[in-house]
Amino acid sequence: MGAARQALAKGLMVQGADPAAVLAAVSRSGLPSLGGESIRLEQHPRRQELLRLTTPMTWLGTRGARREGFDALGYAIDMVATAARQAGGMLTAPGLSLGGSAVPLDGDTHWLEAADPVEQEVLCNLLRRHSPLLIAIAGRGSFVRGGRRDRIGSRWLADSHEHLAARFLASVTERHLYRVQAELRRRDGISHLDRMDVAPVMGNGSVLVRCLDAQTSLAETRAHVLLLSALALRARSMVKEGRREGPVSQRLLEENRARAISDGLRAGMVEDKRPRERERDRDRGRREHQVRDAPPDERKIPARQAVRALLDDLVPEFSRLDATAEEILPLLCLVELPGGQPLRAQDLLTRSAGNGQALPEAVRTALTDSRPGGLLLDAVLAEYPGSGQLMLNVWREALESGLSLRARRDHDRPPARSGSRPDQRRRGRAGDRRGRPAGPSKGGKQQ
């Protein structure tokens with residue numbers, strides 16, 4: 001099975017110049033192409049100062065294909081930055097102010113191609129289940145030079161009035177999607193499926209993901225593309241094995257989504273154990289309604305722990321995508337660094353401004369650097385020369401093996417020898433559970 005084709009709309013912003021003039025200058029020069037189609041530059045339909053650089057649907061399933069794709073995207077962003085400078089302005093990321101005044105925010109929009117309607121349904125539901133973690137991974141606060149640090153999980157989604165939590169899709173047929181639209185209209189007053197965090201795109205069989213904040217570096221965008229590609233590969237495997245993605249409680253999903261928007265990786269995610277218990281009891285032959293009517297067994301786990309478990313679970317998919325530890329480093333910097341504090345490219349911009357470096361140049365470098373890891377790789381190796389290199393080596397070995405942490409532990413565990421005795425610590429040698437030798441029964445004789 002190969003990876004799904006993907007497309008990306010990278011959110012950008014022009015400050016100090018007319019965005020229409022920048023758009024016209026770039027259009028005259030001509031943007032590079034990918035897979036025979038040119039990259040497009042468009043203005044946001046409602047916020048004219050926001051731009052979107054959209055790639056065509058292309059295959060990014062190998063290391064070489066990603067290198068080619070992100071080199072072209074980095075070159076296109078550099079062309080937009082040059083046109084903005086020639087017009088007297090600067091190119092930044094949405095929500096990243098270089099002049100001291102608040103600026104609008106935007107997101108990076110992703111599309112994933114599905115092979116058939118069944119895969120489209122499974123992928124929608126799989127991404128829906130992980131959407132709170134995706135928000136926690138990609139969410140960031142606004143940045144105003146000289147201002148106080150914004151510690152919110154996702155400022156863009158917190159201020160948005162056009163985002164809805166994704167709904168479970170039992171099917172992607174037109175009749176069922178009409179029912180989903182009717183539910184959205186009745187409950188939220190909005191009947192557009194593309195307002196959800198994850199939605200099917202009718203006509204071309206793709207899946208829309210619109211809950212990821214616009215990133216301040218191309219390396220972070222590359223890591224998010226890899227993460228979504230791994231989830232799409234997982235959905236493709238599930239379809240091949242005849243499995244579907246079960247429903248997750250809408251209430252729990254919206255609660256976890258709100259926590260991720262508010263607190264990001266500091267949030268505590270509620271886990272619903274009912275689907276797992278229902279599957280176990282179904283295997284035992286029990287009736288389903290006995291579990292369905294039972295109260296949910298909920299427990300909170302830290303978002304960082306949940307993200308770490310998700311990355312480890314997707315190691316087989318990352319390995320099949322020929323991913324490197326450097327490519328997923330922006331994801332590892334959220335959960336693996338010593339001290340427990342996540343590191344993002346936006347944090348490096350704050351340090352650059354504090355060290356007297358020109359902030360516009362640092363922003364341009366972060367947005368156009370197409371290397372795997374980018375500036376984050378340089379910062380990790382400089383600040384954590386020992387533990388940072390060790391972290392990369394551990395993940396290189398994991399990606400080469402293609403096994404998750406649990407699978408590697410099971411693989412490395414020595415097998416039990418034939419004819420070996422059971423665990424004597426629990427059973428005792430030949431007697432009772434406390435390990436005392438077996439004696440004669442009361443009133444009897446020892447044989």
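On a predicted model such as this, the values are computed, not experimentally measured, just so you know.

For D322, which is not glycine, the phi torsion reads 60° and is therefore positive. Note on placement: D322 falls in the loop between α11 (315–320) and α12 (329–335).

Looking now at the pairing of strand β9 (residues 107–113). Taking burial as the measure, the 7 residues of β9 include 5 buried ones, the bulk of the element. Pairing of strand β1 (residues 5–15) with β9 involves 4 bridges; the strand directions are antiparallel. Within β9, the position partnered with L8 by the bridge is H110. One ladder, built from 6 bridges, connects β9 with strand β12 (residues 206–213); its direction is antiparallel. Its bridge partner being in β12, H110 is matched across the sheet by V209.

This paragraph deals with the confidence of the model for the protein chain. Here the protein chain averages 85 in pLDDT, while 83% of its residues score no lower than 70. This model gives residues 281–296 a pLDDT under 50, and the stretch forms 11 contacts once residues within four places in sequence are excluded. Within the model, pLDDT remains below 50 along residues 441–447, and this stretch shows 2 contacts once partners closer than five positions in the same chain are excluded.

Before going further, it helps to examine the pattern of salt bridges. Enumeration according to the criterion identifies 29 salt bridges in this entry. Where D78 meets R364, a salt bridge forms, and the shortest distance between an N and an O atom there is 2.9 Å. With D78 in helix α2 (residues 63–86) and R364 in helix α14 (residues 359–368), the pair connects residues that are 286 residues apart, well separated along the chain. Looking at D78, the relative accessible area reads 27%, which means it is partly exposed. Close ionic contact of E241 with R243 constitutes a salt bridge, the shortest N to O distance being 2.9 Å.

Viewed as axis vectors pointing N to C, helix α1 (residues 19–29) and α2 meet at an angle of 130°, and their least axial separation amounts to 9 Å. In this view, α1 runs oblique relative to α2, as classed from their interaxial angle. Of the two possible hands of crossing, α1 and α2 adopt the one that is right-handed. Of the residues in α2, those in contact with V22, A25, V26 and S29 of α1 are M79, V80, A83 and A84. Per-class residue counts for the contact of α1 with α2 are 7 nonpolar, 1 polar and no charged.

Basis of the calculations
Residues numbered from 1 in each chain as written. Predicted model: local features only at pLDDT ≥ 70, side-chain atom pairs only at ≥ 80, totals over all residues. Heavy atoms only, no water. Helix = DSSP H or I, 4+ residues; strand = E, 2+ residues; numbered from the N terminus. Buried < 20%, exposed > 50% of the residue type's maximum accessible area, 1.4 Å probe, protein only. Pairing = 2+ DSSP bridges. pLDDT = per-residue confidence, 0-100. Contact = heavy atoms within 4.5 Å. Salt bridge = Lys/Arg side-chain N within 4 Å of Asp/Glu carboxyl O. Axes fitted to C-alpha atoms, helices over the stretch in contact; angles between N-to-C directions. Parallel < 35°, antiparallel > 145°, perpendicular 65-115°, else oblique. Left-handed = near helix turned anticlockwise from the far one by under 90°. Nonpolar A, V, L, I, M, F, W, Y, C, P; charged D, E, K, R; others polar.

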